[in-house]
There are 2 protein chains.
Amino acid sequence: MTYCLAINVNKGMVFASDSRTNAGVDYVASHSKMFNFIYPNNRSIYILTSGSLATSQSVINRITTDLEDTEASFNLLKAKHLHEVADYVGELSQAQQTKYEGAMKKSNMSAESSFIVGGQIKGQDCEIFHVYPQGNYIKASIETPYLQIGENKYGKPILDRIIAPNTTLEDAARCALVSLDSTIRSNISVGPPIEMAIHTYNDFDGPYYNTYSVNSTFYKSLQKQWNEGLKRAFKRLPRFEWEKEKS
Amino acid sequence: MTYCLAINVNKGMVFASDSRTNAGVDYVASHSKMFNFIYPNNRSIYILTSGSLATSQSVINRITTDLEDTEASFNLLKAKHLHEVADYVGELSQAQQTKYEGAMKKSNMSAESSFIVGGQIKGQDCEIFHVYPQGNYIKASIETPYLQIGENKYGKPILDRIIAPNTTLEDAARCALVSLDSTIRSNISVGPPIEMAIHTYNDFDGPYYNTYSVNSTFYKSLQKQWNEGLKRAFKRLPRFEWEKEKS
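Calculation notes
Residues numbered from 1 in each chain as written. Chains lettered and ligands numbered in written order. Predicted model: local features only at pLDDT ≥ 70, side-chain atom pairs only at ≥ 80, totals over all residues. Heavy atoms only, no water. Least-squares fit on C-alpha atoms with pLDDT ≥ 70 in both. Pairing = 2+ DSSP bridges. Helix = DSSP H or I, 4+ residues; strand = E, 2+ residues; numbered from the N terminus. Axes fitted to C-alpha atoms, helices over the stretch in contact; angles between N-to-C directions. Contact = heavy atoms within 4.5 Å. Parallel < 35°, antiparallel > 145°, perpendicular 65-115°, else oblique. Nonpolar A, V, L, I, M, F, W, Y, C, P; charged D, E, K, R; others polar. Buried area = accessible area lost by both parts, 1.4 Å probe. Salt bridge = Lys/Arg side-chain N within 4 Å of Asp/Glu carboxyl O. Polar contact = N/O pair within 3.5 Å; in protein donor to acceptor, adjacent residues only side chain to side chain. Buried < 20%, exposed > 50% of the residue type's maximum accessible area, 1.4 Å probe, protein only.

**What about the relation of the copies chain A and chain B?**
Line of reasoning, step 1. Superposing chain A onto chain B takes a rotation of 180° plus a shift of 0.0 Å along the axis, which leaves an RMSD of 0.1 Å. Within this description, the copies of the chain are treated as partners about a two-fold rotation axis. Relative to the rotation axis, the C-alpha of A:Tyr154 is the closest in chain A, positioned 2.3 Å from it.

**Topic: the sheet that holds strand S7 (residues 113–121) of chain B**
Within a sheet, each strand pairs with its neighbour through backbone hydrogen bonds, oriented either parallel or antiparallel.
Residue and element names in this part refer to chain B.
Line of reasoning, step 1. Strand order in the open sheet made by the 5 strands is S5-S6-S7-S8-S9, with antiparallel pairing throughout. Because the sheet does not close on itself, it has two edges, and the strands there are strand S5 (34–39) and strand S9 (137–139). Shown here is a sheet whose adjacent strand axes are inclined to one another by a mean of 15°, direction ignored.
Line of reasoning, step 2. Note that strand S8 (residues 126–131) and S9 share 3 bridges and pair antiparallel. Residue pairing in the sheet places Val-131 in a bridge with Tyr-137 of S9.
Line of reasoning, step 3. Contacting S5, strand S6 (43–51) and S7, helix H1 (residues 53–68) crosses the sheet at an angle of about 10° to S5.
Line of reasoning, step 4. On the sheet, helix H2 (residues 82–106) packs against S6, S7, S8 and S9 and is oriented at approximately 155° with respect to S7.

**Section: the packing of helix H4 (residues 169–186) of chain A against helix H5 (residues 217–235) of chain A**
All names here are of chain A.
Line of reasoning, step 1. Interaxial distance between H4 and H5 falls to 11 Å at its minimum, and their mutual angle equals 75°. One finds that H4 runs roughly perpendicular with respect to H5. Touching Arg-174, Leu-177, Val-178, Asp-181, Ser-182, Ile-184 and Arg-185 of H4 are Phe-218, Tyr-219, Leu-222, Gln-223, Trp-226 and Asn-227, all from H5.
Line of reasoning, step 2. Taken together, the residues of the contact of H4 with H5 break down into 7 nonpolar, 3 polar and 3 charged.

**Structural notes on the interface of chain A and chain B**
The figure often quoted for interface size is the accessible area lost as the parts come together.
Line of reasoning, step 1. Each side of the interface is counted separately: chain A has 43 residues, and chain B has 43 residues.
Line of reasoning, step 2. For the pair chain A and chain B, the summed buried area comes to about 4300 Å², and 63% of that belongs to carbon and sulfur atoms.
Line of reasoning, step 3. Of all residues in chain A, the largest losses of buried area upon contact with chain B belong to A:Arg161, A:Phe234 and A:Phe240, amounting jointly to 20% of the total for that side.
Line of reasoning, step 4. The interface formed by chain A and chain B holds 6 salt bridges in total.
Line of reasoning, step 5. Taken together, the connections running from chain A to chain B amount to 16 residue pairs in polar contact (both at pLDDT 80 or more).

**What about the pattern of salt bridges?**
If charged atoms from side chains of opposite charge come close, those side chains can pair.
Line of reasoning, step 1. Per the counting criterion, the structure on display carries 20 salt bridges over all chains.
Line of reasoning, step 2. Of the charged contacts in the structure, one is a salt bridge between A:Asp66 and A:Arg62, with a shortest N-O distance of 3.3 Å. You can see A:Asp66 and its partner A:Arg62 sitting in helix H1 (residues 53–68), 4 residues apart, about one turn around the helix.
Line of reasoning, step 3. A salt bridge links A:Glu151 to B:Lys153; the nearest nitrogen and oxygen atoms lie 2.9 Å apart. Here A:Glu151, found in the loop between strand S10 (146–150) and helix H3 (156–162), pairs with B:Lys153, found in the loop between strand S10 (146–150) and helix H3 (156–162), and the two come from separate chains.
Line of reasoning, step 4. A single salt-bridge network, built from bridges that share partners, covers A:Asp171, A:Arg174 and B:Glu243.

**With respect to the environment of A:Pro40**
Residue and element names in this part refer to chain A.
Line of reasoning, step 1. Among the structural elements, Pro-40 can be located in the loop between strand S5 (34–39) and strand S6 (43–51).
Line of reasoning, step 2. Among the residues examined, Pro-40 registers a relative accessible area of 56% and is labelled exposed.
Line of reasoning, step 3. Considered as a pair, Pro-40 and Glu-245 are 205 residues apart in the sequence and their alpha carbons are 66 Å apart.

As structure tokens, then:
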């Protein structure tokens, strides 16, 4: 499995993803699920993937090929609006799934993939989209300014408590790391390293990008402080009536 | 949907459940999912249900009828070990599902139900079981001394951080409430009131039992303090390098 998320706040966007692709006992593989297409002073586009690795790799390959082909009818550089990119990713994904549909069905397997497409084209707003395996897509709302794909439930409560449009980019980034860390702790099919990209609104020189392994000093310190902070918060919770009587 | 959980620590057991049965926009119904069978000085048995309400109601009805029938080949009072009760609940559930299988299939619906069966028979240990829709069951382990049915993922991270065999009953109960509260906040299909029963090891006079509505003073205070505690913990997380440079 996978867990990827994107957060869109007033100050910019945060993209984060885990790297586990196979959590079998004998074979734990790690693979990047984040693809950044940065064109300084023009546009920054971020794509996160979950689901069939074959489908998502072929979509990314096709995106790259189209970018090299100046005669392509569409590519990331020709998009006038970001929703056109979401549409394009949905079409590539559907084409790939349809190609292998028969063979996959015979093996009782699925070639479905989900994507988060986000970014900013100069002169426009930051936007994030969730592209479904069926190829259609939704945009994040102002009320819930984040999107998740893959194992999304474990890490959702902290996003619901912290993330709002006026959250700082740094807090959004910390919240993304906490959300991923909680998921990694509770589900063996999601694993480090964690990749993170932070895009500042109207900054087209490329994102702040980092990879956090289990041995990363910052990630270890964040894990430790969050765990201790949660335990402190837990200890302060109200006592039941009979505990008060006892003490 | 539903979210129910049971925690088995050295000092006893905690059972907790939400009450939402239908989260459609026009029709939000509330129904108890916790059934306690208390026989002072003899045995205390707790059953939590999720899935098809028709199946779980019929299982509970049959359990009650068997209890009234002194000639029944088996009932909760005739069980020598708690795993026999888990087995019995699995059989009743399967019988009910099989009866309606054809009709349900025609409507493309499922009559599946899951159960948590827990309790203590005098002279024996506290035990909790997860009875699958297929009728078979597993017992909670010492390493992970809790079980969940229904929407289990949102509320799992806090259990993984807090619950261990030596956790006090009161902390286990607070953790159950936090786990339910996080789930209710993140998923509209899980809703209050929350029912909770606390069984103290070797105490057969009946559990501490309470229902927490959204207006319950204790629940409101716990919600508020947990939210504030989390935000305090979040604020204390380490700063990124560039934040240090700025300040």
